[in-house]
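Report on the structure
The lines below spell out each chain.
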Amino acid sequence: MQLLRLGLLVASFAASIGAQSTFSPARPPSLPLAVRSPYLSTWLDAGSDGGNGGYLAGQWPVFWQNQVNGWAGMVRVDGETYTWMGLPGTTTVNQTAFEYTSTKSIFTMNVAGKLEMNITFLSPITPADYKRQSLVFSYLNVEVASLDGSDHDVQVYADISAEWVSGDRSSIAQWDYGTNDGVAYHKVYRQTQAAFSQWNEQAEWGYWYWATDDKNGMTYQSGGDTDVRGQFRNNGKLANTGDTRFRAIQDNWPVFGFASELGSVSSEPASTLFSIGLAQDDAIQYEGSEAYGPVPSLWKSYFDTDVDALTFFHLDYEKSSHISGSFDAQVARDSLAVAGQNYLTLTSLSVRQAFGATQLCGTEDHMYLFLKEISSDGNMNTVDVVFPAYPIFLYSNPELLKLVLEPLYENQEAGKYPNTYAMHDMGSSYPNATGHNDGTDEPMPLEECGNMLIMTLAYAKAAKDTDYLKEHYDLLKKWTGYLVEDALYPANQISTDDFAGSLANQTNLALKGMIGIQAMSVIASKTGHQDDAAKFTSIAQDYITKWQDLAINKDVSPSHTTLSYGDDSSHGILYNLFADAQLGLGLVPNSVYQMQSDFYPTVANEYGVPLDTRHTYTKGDWECFAAAIASVDTRDMFLQHLATWLDKTPTNRPLTDLYDTITGNYPSSLTFVARPVIGGAFAPLLVTS
Ligand SMILES: *[C@@H]1O[C@H](CO)[C@@H](O)[C@H](O)[C@H]1NC(C)=O
Ligand SMILES: *[C@@H]1O[C@H](CO)[C@@H](O)[C@H](O)[C@H]1NC(C)=O
Ligand SMILES: *[C@@H]1O[C@H](CO)[C@@H](O)[C@H](O)[C@H]1NC(C)=O
Ligand SMILES: *[C@@H]1O[C@H](CO)[C@@H](O)[C@H](O)[C@H]1NC(C)=O
């Protein structure tokens, strides 16, 4: 009886969702769809905590903060209409496969056994091509082909709703339709522009573009959701009309549709391309060496108008797809060579998320990379958020690391920060890079001084840019002075893991300070300051010798570093050790690397090694830092735990970096999502044994 009922339940569940999809190389908690900047960030929730398991049809795509971004797709085959994206109300197609690479998410659909669809979301990543990287746009390409040997009559439809243009659903949207050079577009925006403002983390200014090829068989329409979608469902084409009653986003939900007549489709694939993106003339407000004021989006340096930028982007699909494909292949080749498929599962998922928290701004001669500390507090260019992410920048283009540090240097070198240690961030609320003239930023003095020294040397070494070190020498030396004071016996303070609480004499934080001092010795020697070089290396050597007595519990087997000096029963992930290896400093003896590498497997839980003994949660970025410098076995243990967790976690939001090592869920009350720190997945690529 029990068995029979169970059998029926499973059967009816399987029927209700149709055929099962495969997920390759894993099923992430949330699948990246259009993820390109802090404001172009649309995902499909997949995890069991409220997601549908990763099926594109049958639930709405969402902004990273989890509000619906109405984005619908339908296909009409021989007069029958089906849904392939979102929830517009027709029968859903059967998803058979999902696959991701560094830049693409690809869904394969089976439509009534008649048609196969490949639906590709491409968010291009071109780290060394600033013109392309500056564009806040993403592609959606739909390919169809007959599956059953017969030709079928096919039309493809997709729309966006005005939900993209403001986080406040009662704000008034306005729109327009146009064509340019073979591209047809809907332009949609908040009627009252609120420059540099956010609502539910969405941008309240700028112009959204939703575009397709302006070709024979293309029809368009704007209007209420049920009207426009109903028009397609019933007729397979749209009315080529524009709704002119500008109204609230939630008032009879205006949507902006395109339909494409593909005619009779055989086994030869036919396709329709869409582009989605945001054009903001000014993206950021910034206080650098000059007075606080607006900074343009970098794409303004390359294009006269936003329609020119859109047109370039849309017509660039083949080239852009090719460049992104090369980057996908590079990440795949390098990741597989270093640590195999589990590792590639992680690196390839991290790319869009890390870059998706950034935007290139300024002018061709004077660029910045601005970065949003998404979800944890919205700070700008937070130094201890850039630090975990720095491996992806260094790996993909070291210049990007310089560009993300640039605002911090300009502001502090103009004397706009009063403290003797390094500033925590460029501003409390993206997109306002106000700096902290009053010095009341979140104090993480030791952490940020160490981070600035380490990342500055990392960039200069990778780019062979000694002038950069000369340029910033005075400030670097000032920060080192702070480290000399505080690194041996760190005062009671928070580290970057501020959620775990403050503590004195933190082993890992002290180590960062000492590595920072040794980094300064190298900086001094590279810039001809031999006295400073000798002085700082002798201090660093002295400290690291003392640190080994203070910070290691030698009386247990296996021995290990403690969380804080003298607390013998404690331990933690010693992730700052990564910087010693990455910079090739040789400050810390090999025995410490070996000891930690032997120790971690003895304290691992199902989904990883806890961050420290205060909690069972961990940080995926720091696990990757630890993995990068561990023995092959220990490294593979870390990476296998991470890849398994990523596939199994019940979380259903853009990949968290903070999760419980036993349940795989968020720690209670801490929901970090979509954070750029996941760029730390690239740490193992920066250290070759
Ligand atoms: C989906 O698959 C189920 C089970 O094979 C089938 O009954 C249903 O007709 C399919 N639906 C579509 C739209 O292909
Ligand atoms: C979908 O992609 C697969 C793998 O690249 C290919 O074999 C197939 O022909 C494609 N189908 C369509 C409809 O484009
Ligand atoms: C940024 O500053 C502007 C004023 O210049 C303000 O209107 C806006 O709300 C601020 N944005 C955020 C996210 O705090
Ligand atoms: C830090 O450790 C040193 C050496 O064990 C000890 O003397 C000092 O009291 C500790 N500092 C704090 C604030 O606990």
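Residues numbered from 1 in each chain as written. Chains lettered and ligands numbered in written order. Predicted model: local features only at pLDDT ≥ 70, side-chain atom pairs only at ≥ 80, totals over all residues. Heavy atoms only, no water.

**Let's talk about the packing of aromatic side chains**
Under the counting rule described, the total for this entry stands at 48 aromatic pairs. Judged by centre distance (6.0 Å) and plane angle (85°), the rings of Tyr409 and Tyr468 are edge-to-face. Of this pair, Tyr409 sits in helix H7 (residues 398-413) while Tyr468 sits in helix H9 (residues 466-471), placing them 59 residues apart in sequence. Grouping residues by exposure puts Tyr409 and Tyr468 together as buried. Seen in terms of ring centroids, Tyr600 and Phe638 are 5.4 Å apart; in terms of plane orientation they differ by 65°. Their pairing is edge-to-face. (Phe/Tyr/Trp six-rings, centres within 6.5 Å; stacked < 30°, edge-to-face > 60°. Helix = DSSP H or I, 4+ residues; strand = E, 2+ residues; numbered from the N terminus. Buried < 20%, exposed > 50% of the residue type's maximum accessible area, 1.4 Å probe, protein only.)

**Points about the layout of surface pockets**
There is about 240 Å³ of room inside the largest pocket. Considering the residues around the largest pocket, the lining is formed by 14 residues, among which Tyr286, Glu290, Val295, His366 and Tyr368 are closest to the centre. Taken together, the elements giving at least two residues each to the lining of the largest pocket come down to strand E22 (293-296), strand E23 (358-363) and strand E24 (366-371). Looking at the lining of the largest pocket element by element, the count peaks at four residues for E22. (1 Å grid on protein atoms, 1.4 Å probe; cavity = no way out; pocket = protein on both sides within 12 Å on 5 of 7 lines; lining within 4 Å. Points joined across faces, edges and corners; volume = space filled by probe spheres on them.)

**A closer look at the site of ligand 2**
All residues in the neighbourhood of ligand 2 are listed as Glu116, Asn118, Glu143, Val144, Ala145 and Pro269. Here Glu116 contributes a side-chain N or O atom positioned 2.8 Å from a nitrogen atom of ligand 2. Residue Asn118 places a side-chain N or O atom 2.3 Å away from an oxygen atom belonging to ligand 2. Among the elements that line the shell around ligand 2, the one with the most residues is strand E11 (residues 137-146), at three residues. A breakdown of the residues in the shell around ligand 2 according to their chemical character gives three nonpolar, one polar and two charged. (Near = heavy atom within 4 Å. Polar contact = N/O pair within 3.5 Å; in protein donor to acceptor, adjacent residues only side chain to side chain. Nonpolar A, V, L, I, M, F, W, Y, C, P; charged D, E, K, R; others polar.)

**Looking at the UniProt feature "domain: Glutaminase A N-terminal" (unreviewed entry) in the protein chain**
The positions UniProt marks with the feature "domain: Glutaminase A N-terminal" (unreviewed entry) are residues 103-334. Structurally, residues 103-334 is divided into 19% helix and 44% strand, and its ends, taken at the C-alpha atoms, are 16 Å apart. (UniProt positions renumbered as here; feature names shortened; annotations may be inferred.)

**Quick notes on the nonpolar core**
Within the largest apolar cluster, 194 residues are counted, with the highest numbers of intra-cluster contacts made by Trp71, Val75, Trp84 and Leu401. The greatest single-element share of this core, amounting to eleven residues, is contributed by helix H5 (residues 317-355). Of the domains in this structure, domain 1 (2-284 + 306-320) and domain 2 (340-445 + 554-688) are the two that each give at least three residues to this core. Ignoring anything within four residues of it in the chain, the contact list for Val75 reads Glu80, Thr81, Tyr82, Trp84, Val93, Val111, Leu115, Met117, Val154, Gln155, Val156 and Phe232. By size, the runner-up hydrophobic cluster in this structure holds 17 residues, among which are Leu122, Tyr209, Ala279 and Val307. (Core = buried A, V, L, I, M, F, W, Y, C linked by side-chain atoms within 4.5 Å. Domains from an automatic or database assignment. Contact = heavy atoms within 4.5 Å.)

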